[in-house]
Amino acid sequence: MKKMSMMLAVSLSAAVALSAPVKIHAAQQSTSKADNTQKNAEKGVTAEQQKENKTDREITREIRRSVVKDKSLSIKAHNVKIITKDGHVTLKGPVKNADEKKAVEKAAEEVVGKGKITNEIEIAPAKTKKGKKEDKEKKEQTEK
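Residues numbered from 1 in each chain as written. Predicted model: local features only at pLDDT ≥ 70, side-chain atom pairs only at ≥ 80, totals over all residues. Heavy atoms only, no water.

Asks: Give me the side chain of Thr60: which residues, what numbers.
Replies: Positionally, Thr60 belongs in helix H3 (residues 54–69). A polar atom in the side chain of Thr60 sits 2.6 Å from the side chain of Thr84. (Helix = DSSP H or I, 4+ residues; strand = E, 2+ residues; numbered from the N terminus. Polar contact = N/O pair within 3.5 Å; in protein donor to acceptor, adjacent residues only side chain to side chain.)

If you want it as structure tokens, here you go:
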């Protein structure tokens, strides 16, 4: 009886151990779909094009500090891409509303001035309860 119980426990442990990597692999595949490199490339300036000179890095750093310091902004606004190339700033990414878009642009204007900014920030559509529920269901399906 003890041998049978031990065999069953070993078999179950092996089954659990072998099934775990498959689930991890499936989750990794679903996250790779979130890559928006192609979309960014179609819209012009990308972060890879930012020069590594001290002036451009300092401009980007000052704008980022100002944006992150504003606690009224959402995480989306805090994560807007700030790309500086030869003193010209490009802002990209989604924010929750027009007020956030203006606030991020204003932060950039305070550092470089009004004429040196390209604002490509998009206002993300508000998610409804139904949309959030659908996203949750999709996530659960990809985890299976």
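Asks: Describe H3, listing the residues and the values that go with them.
Replies: In this model H3 runs 22 Å from its N-terminal to its C-terminal C-alpha over 16 residues, within 8% of the 22 Å that 1.5 Å per residue would give. Within H3 the residues assigned to the buried category are Asp56, Ile59, Thr60, Ile63 and Val67. Projection of H3 onto a plane perpendicular to its axis shows the buried side chains occupying an angular sector of 95°, all on one side. Facing away from the buried side of H3 by over 90 degrees, the exposed positions are Lys54, Arg65 and Lys69. (Expected span 1.5 Å × (residues − 1). Buried < 20%, exposed > 50% of the residue type's maximum accessible area, 1.4 Å probe, protein only. Arc of directions from axis to C-beta.)

Asks: Lay out the confidence of the model for the protein chain in plain terms, naming residues and giving numbers.
Replies: Across the protein chain, the average pLDDT comes to 78, with 62% of residues at 70 or higher. Within the protein chain, helix H5 (residues 98–112) carries the highest mean pLDDT (96), whereas helix H2 (residues 37–42) carries the lowest (54). Note on residues 23–35: pLDDT is under 50 here. Beyond four places in sequence and across chains, it has 3 contacts. (pLDDT = per-residue confidence, 0-100. Contact = heavy atoms within 4.5 Å.)

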